[in-house]
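One letter stands for each residue in the lines below.
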Amino acid sequence: MDQVKKLRNDFPILKGKLIGRPLIYLDNAATTQKPNQVISKLCEFYENYNSNIHRAVYAISEEATIAYEQVRTKIADFLKAEDPAEIIFTRGTTESINLIAYSYGEKNIKKGDEIVVSDLEHHSNFLPWKALCERKGAKLKVLESDEKGDFVNIKDVIGKKTKLIAVTLMSNAIGLIPNLKEVFEAGKKAGAKILLDGAQYVPHFGFSLEETDPDFLVFSGHKMLGPMGVGVLYVKMETLEEMDPFLYGGEMVTEVTEKDVTWNDLPYKFEAGTPSVADVISFGAALDYLDKIDMTEMQNHINDLTEYAFKQLNKIDEISIVSPDNTDINGGVIAFNVDDVHPHDVGTILDKEGIAVRTGHHCAQPLMNKLGLTGTVRISFYLYNTKEEIEILVNALKKVQEIFFNEE
Amino acid sequence: MDLYAELILDHYKNPRNFKELEKADIVFEDNNPLCGDKVKIFLKVENEQIKEVSFMGVGCAISIAASSMISEIVMNKTYEDVFKIDKNQVEKMMGAELSVSRVKCAMLGLSAIKKAIKILQNEK
Ligand SMILES: Cc1ncc(COP(=O)(O)O)c(C=O)c1O
């Protein structure tokens, strides 16, 4: 906890100068706040070596290129990838998934093939596959999860026709970490490609490609202290070689004549145009920050917060919690409703108390429909949150009840 | 000043004109996908003027209270006067400033009434 107090000083926004009081930020599943180390890296780039990469021979362009490529290597190390060329920079998870749907999907998915997603997916890991299936005459199948995070219909859904399985490692809407072991086994047996959406999971737990080897892994830098505008797409080398470019333009080719083009080496073939150089370089600073604070300690801290918040919220009869009350399968997200109060009203009242939470369907409408809800209030923790903040939240929730029910 | 002042909560808990109108000239349904708010407007009209209005709906306190208040305001108003009601007046009516994300909730009922009137005008 002492360490948390100290590291909060690294996050200028938490001091809440703009709103005149400390910001209580409980919407980390949407995006996390950024430490000074990341913010200053952005300025450093623009003030000292702003230039385009991979193109020029002058000094600052070379410096920018080196810094950019170092982050690629850093990510490869972070994930224990075999080759930095398996790491492609995009603008975010959404773009990473769409890149796969076009570069891999257009070329390899055929009429009658099947693509499998789960009922826990964010819209960004659902809609690209639905659209691809519609374009190709392929079939979209959905894995159904139970409340323990086990999928109950693996045998009905994954089979010989399955070409691709795209599943989340952790639900952004309810925090559930599904059990993917059997999905993996069934997928490998079927010869299907496997895509893991790590947007929520990787910021909390990292990922080791040595332990689990999917064909694709995607996540966003902005959900793990990095700036907005950087996404990571890991593609296993052998799969990368089966893919066509996504965007066509500069930097992705080595030779162009009117008749022929030669694609650039991997991964540059997939990075057409000027990338978010400054953002990538400062994402490197975010990875350094996470490395320094020790991710296991962070997980313990977030588990403590989650358990504490469950305990406090469970005491209030009028609060119905949707997320699993078990930190083995919950990555620090609690979705709930205050009975008879619309989530947006709860959100607005909490906002007046300086507390930022997310309300609504969290871009996971299939899951909301299954749960029979139109929306929830969602709190989600990251390394800088504290028990004091949870106490303030709980008091504010009591205020919600007073406002709505203390009448006559 | 306070969005959840008594007036708004009163309109939320006891919405006025909250019923179906029989023999309405038009029934129009609209929604706000962000919140999942839904509203169904019933209008009886005569000579470009609203004679009776009612609504049904589900949603947050802001959208229900605003629809309730607006239903009282538009009663017996001409189409022209209804079209003149804007966001400023809605804020005044609710006695609170609305944040960008909540304006849509407050405007849902009014905008459904305006859309319904436009349909009636086009039918002619
Ligand atoms: C599980 C999951 N997948 C995908 C996304 C989309 O990420 P981005 O908006 O960074 O593209 C999110 C972000 O909310 C998410 O939580």
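A quick note: this is a predicted structure, and the numbers were derived from the prediction, not measured.

Student: What is the right way to look at the packing of helix α1 (residues 6-13) of chain B against helix α2 (residues 61-74) of chain B in this model?
Tutor: When two helices pack together, their arrangement is captured by the angle between the axes and the distance separating the axes. Residue and element names in this part refer to chain B. Put simply, α1 and α2 touch, their axes get as near as 8 Å, and they point 85 degrees apart. Relative to α2, the element α1 is oriented roughly perpendicular. In this structure, α1 contributes Leu7, Ile8, His11 and Tyr12 to the contact, and α2 contributes Ala61, Ile64, Ala65, Ser68, Met69 and Glu72. Tallied by class, the residues present in the contact of α1 with α2 amount to 7 nonpolar, 2 polar and 1 charged.

Student: What exactly am I supposed to notice about a negative patch on the surface here?
Tutor: Taken together, the side chains of A:Glu82, A:Asp83, A:Glu210 and A:Glu211 make up a negatively charged region of the molecular surface. Turning to its location among the elements, A:Glu210 is positioned in the loop between α8 (201-205) and β7 (216-220).

Student: When you look at the sheet that holds strand β2 (residues 37-46) of chain B in this model, what are you seeing that I'm missing?
Tutor: Across a sheet, paired strands are connected by hydrogen bonds in the backbone, their directions being either parallel or antiparallel. Residue and element names in this part refer to chain B. Read from one edge to the other, the open sheet built from 3 strands follows the order β1-β2-β3, with strand pairing classed as antiparallel. This sheet does not close on itself; its edge strands, each paired only once, are β1 (26-32) and β3 (49-58). Strand after strand, the sheet turns through a mean of 20 degrees between neighbouring axes, direction not considered. In this structure, β1 lies alongside β2, joined through 7 bridges in antiparallel fashion. When the bridges of β2 are listed, Glu29 appears paired with Lys40. On top of the sheet, α2 reaches β2 and β3; it is set at about 170 degrees to β3, its chief contact. Lying over the sheet, helix α5 (residues 100-123) contacts β1, β2 and β3, oriented at roughly 145 degrees with respect to β1.

Student: Is there a simple way to explain the site of the ligand in this structure?
Tutor: All names here are of chain A. What surrounds the ligand is a group of 13 residues, the closest being Thr94, Asp197, Gln200, Ser220 and Lys223. The side chain of Asp197 places a nitrogen or oxygen atom 2.6 Å from a nitrogen atom of the ligand. Between the ligand and Lys223, the relevant distance is 2.7 Å, taken from an oxygen atom to a side-chain nitrogen or oxygen of the residue. Expressed as a share of its isolated accessible area of 390 Å², the protein-covered part of the ligand is 85%. Classifying every residue of the shell around the ligand by side-chain character gives 1 nonpolar, 10 polar and 2 charged.

Student: Honestly, unusual backbone geometry in this entry has me stumped. Any pointers?
Tutor: Trans peptide bonds make up the majority, and among non-glycine residues the majority have a negative phi. Residue and element names in this part refer to chain A. Between Leu266 and the following residue, Pro267, the backbone shows a cis peptide bond with an omega angle of 0 degrees. Along the chain, the position of Pro267 falls in the loop between β10 (261-263) and α10 (277-293). Even without glycine at this site, His362 takes up a positive phi of about 55 degrees. Mapped onto the fold, His362 is located in the loop between β14 (358-360) and α13 (365-371).

Student: Even after reading the chapter, I still don't get the nonpolar core, so can you show me in this structure?
Tutor: The nonpolar side chains of soluble globular proteins are, as a tendency, buried together. Ranked by internal contacts, the top residues of the largest apolar core, which has 141 residues, are A:Ile75, A:Leu383, B:Leu43, B:Met94 and B:Ile113. Two domains each put at least three residues into this core: domain 1 (4-30 + 294-405) and domain 2 (39-291) of chain A. Among all residues touching A:Leu383, those that are not within four sequence positions of it are A:Val4, A:Leu7, A:Phe11, A:Leu225, A:Leu290, A:Ile293, A:Met298, A:His301 and A:Ile302. Core analysis: the next-biggest nonpolar cluster, separate from the first, contains 26 residues, A:Ala85, A:Val117, A:Leu164 and A:Val235 among them.

Student: Would you mind going over the pairing of strand β8 (residues 231-235) of chain A with me for this structure?
Tutor: Regular strands place their side chains on alternate faces of the sheet. Residues and elements named next belong to chain A. Most of β8 sits inside the fold, with 5 of its 5 residues counted as buried. Here β8 shows a buried face lined by Gly231, Leu233 and Val235 and a second buried face lined by Val232 and Tyr234. Both strand β2 (residues 87-90) and β8 contribute to a ladder of 4 bridges, which runs antiparallel. Residue pairing for β8: Ile88 is matched across the bridge by Leu233. Alignment of β7 against β8, held across 5 bridges, turns out to be antiparallel. Its bridge partner lying in β8, Leu217 is registered against Tyr234.

Reading the values: rules and limits
Residues numbered from 1 in each chain as written. Chains lettered and ligands numbered in written order. Predicted model: local features only at pLDDT ≥ 70, side-chain atom pairs only at ≥ 80, totals over all residues. Heavy atoms only, no water. Axes fitted to C-alpha atoms, helices over the stretch in contact; angles between N-to-C directions. Helix = DSSP H or I, 4+ residues; strand = E, 2+ residues; numbered from the N terminus. Parallel < 35°, antiparallel > 145°, perpendicular 65-115°, else oblique. Contact = heavy atoms within 4.5 Å. Nonpolar A, V, L, I, M, F, W, Y, C, P; charged D, E, K, R; others polar. Patch = residues over 30% accessible without salt bridge, like charges linked within 9 Å, V, L, I, M, F, W, Y side chains within 5 Å. Areas by Shrake-Rupley, 256 points an atom, 1.4 Å probe, with all protein chains shown as cover. Salt bridge = Lys/Arg side-chain N within 4 Å of Asp/Glu carboxyl O. Lys, Arg positive; Asp, Glu negative; His and termini not counted. Charge placed at Lys NZ, Arg CZ, Asp CG, Glu CD. Pairing = 2+ DSSP bridges. Near = heavy atom within 4 Å. Polar contact = N/O pair within 3.5 Å; in protein donor to acceptor, adjacent residues only side chain to side chain. Core = buried A, V, L, I, M, F, W, Y, C linked by side-chain atoms within 4.5 Å. Buried < 20%, exposed > 50% of the residue type's maximum accessible area, 1.4 Å probe, protein only. Domains from an automatic or database assignment.

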